[in-house]
Amino acid sequence: MTTVTPTASTTPAAKRVDTEPRVPHRSSTRRRSTPLTIAMLAVLAYFLLPLFWLLIASTKSTQDLFNSFGLWFSHAPQLLSNVKATFTQDDGVFGRWLLNTVLYAGASALGAALLAAAAGYGFAKYRFRGHGAAFNLVLGAIMIPTTALAIPTYLLFAKAGLVNTPWAVILPSLISPFGLYLMRIYAEDAVPDSLIEAARMDGAGEFRIFCTIGLRLLAPGLVTVILFTLVATWNNYFLPLIMLNDPNLYPITVGLSSWAAQAQNGGAGASSDMLALVVTGSLISIIPLVLAFLLLQRYWQSGLATGGVKQ
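Below, the structure is looked at part by part. Model, not experiment: these values are computed from the prediction.

About the thresholds
Residues numbered from 1 in each chain as written. Predicted model: local features only at pLDDT ≥ 70, side-chain atom pairs only at ≥ 80, totals over all residues. Heavy atoms only, no water. Salt bridge = Lys/Arg side-chain N within 4 Å of Asp/Glu carboxyl O. Helix = DSSP H or I, 4+ residues; strand = E, 2+ residues; numbered from the N terminus. Buried < 20%, exposed > 50% of the residue type's maximum accessible area, 1.4 Å probe, protein only. Core = buried A, V, L, I, M, F, W, Y, C linked by side-chain atoms within 4.5 Å. Contact = heavy atoms within 4.5 Å. Arc of directions from axis to C-beta. Phe/Tyr/Trp six-rings, centres within 6.5 Å; stacked < 30°, edge-to-face > 60°. Polar contact = N/O pair within 3.5 Å; in protein donor to acceptor, adjacent residues only side chain to side chain.

**Examining the pattern of salt bridges**
A complete count under the given rule lists four salt bridges for this structure. Here E188 makes a salt bridge to R184, at a shortest N to O gap of 3.3 Å. Taken as a pair, E188 and R184 lie in helix α9 (residues 177–190) at a separation of four residues, close to a single helical turn. Of the residues examined, E188 reaches a relative accessible area of 31% and is grouped as partly exposed. Residue class for R184 comes out buried when judged on its relative accessible area of 13%. Where E206 meets R200, a salt bridge forms, and the shortest distance between an N and an O atom there is 2.9 Å. Taking the relative accessible area as the measure of exposure, E206 reaches 33% and is therefore partly exposed. Given the relative accessible area of 29%, R200 is considered partly exposed. One salt-bridge network, in which partners are shared between bridges, spans E197, R200 and E206.

**Some thoughts on the nonpolar core**
Of all hydrophobic cores here, the largest spans 50 residues; its most connected members are W97, Y121, M183, I209, L218, L244 and W259. At 12 residues, the largest contribution of residues to this core is made by helix α5 (residues 93–125). For L244, the contacting residues outside a window of four places in its chain are Y104, N164, T165, V169, L249, Y250 and P251. One finds L54, A57, L65 and L283 within the second-largest nonpolar core, a separate group that totals five residues.

**What about helix α7 (residues 150–160)?**
Those residues of α7 that sit buried are A150, T153 and F157. Looking straight down α7, one finds that the buried residues subtend no more than 60° of arc, so they occupy a single side. Turned more than 90 degrees away from the buried face of α7, the exposed residues are L155, L156 and K159. Note on α7: the residue one or two positions beyond its end, G161, has a positive phi of about 75°.

**Description of the packing of aromatic side chains**
Enumeration over the complete set of coordinates arrives at 11 aromatic pairs. Between F87 and F94, the ring centres sit 5.2 Å apart and the planes meet at 85°, which makes this aromatic pair edge-to-face. A relative accessible area of 33% means that F87 is categorised as partly exposed. Assessed through its relative accessible area of 0%, F94 is described here as buried. Put simply, the rings of F87, F94, W97 and W259 touch in pairs and so form one group of aromatic residues.

**A word on the side chain of S285**
Structurally, the position occupied by S285 is in helix α15 (residues 274–307). By relative accessible area, which is 9% here, S285 ends up buried. In this structure the side chain of S285 is engaged in a polar contact, spanning 2.6 Å, whose partner is the backbone oxygen of S282. With residues near it in sequence (within four places) discarded, S285 still touches W234 and I252.

**Regarding the environment of F73**
Within the secondary structure, F73 is located in the loop between α3 (62–67) and α4 (79–88). What makes F73 partly exposed here is its relative accessible area of 36%. Considering only alpha carbons, one finds F73 and S58, 15 residues apart in sequence, at a separation of 9.6 Å. Look past the residues within four positions of F73 in its chain and what remains in contact with it is I56, T59 and K60.

This is the structure we're talking about:
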């Protein structure tokens, strides 16, 4: 008796393979939109052209600023000379302004982040009488411009004897309603309630839970608040202008403004290259902010991503 061995083409498996519909191969190249590309290039130019102009202008003398093309170097670039003159003008007061700005912005950013984290954690994880009304008050405070509070703040600090001191700049910058709102939203998802309950069962107090667990999990959100407050305090002009009278206490914004006024009016101590020093000082003033963003960028991105995803 002969045995017939079925061929591969007649097996059920082969038939299933042959009859399965084929999925069309998708091209690995993505479709590009020319209008969108042009729009993005326009936005990129909008943000980068002022920085490019500032870099080019800081290599020129005052005369070259007016006599040469604004978006290209002059025949005799003098960046190093401008930087040296900036730090030696008026007995090196620019270096003091830079240190003052670092002190004001650093202390304000760290203090505002810690206060916002504590308040946001409290709003997110505790329920108390007046919880909703208090948080709505915080939301309302976000809508109030800081310049509207400058004069009342000055009168309050004048009564306390804190005008013309570093505290007059640091203390108002510690209050960040937007930072509190951001940390409250972030803490709701970043800090699990089960983890807090487990810590309570182990005998940990509320303050210890916040310091050992809450702050660790809120670290990416803290970086976000630190960056926002750092930039806001670094670029703040109106508050230091009305609070400080001593030039040795000026931040960079007020100091460069005083130099620009001297260059425009030709006041005492003004030199022919004062405007070039203002431009060079402006370039130097943005370098710490750029470094801060580059160093803290990955923490900031992870904080925004984690805060937008439910745990």
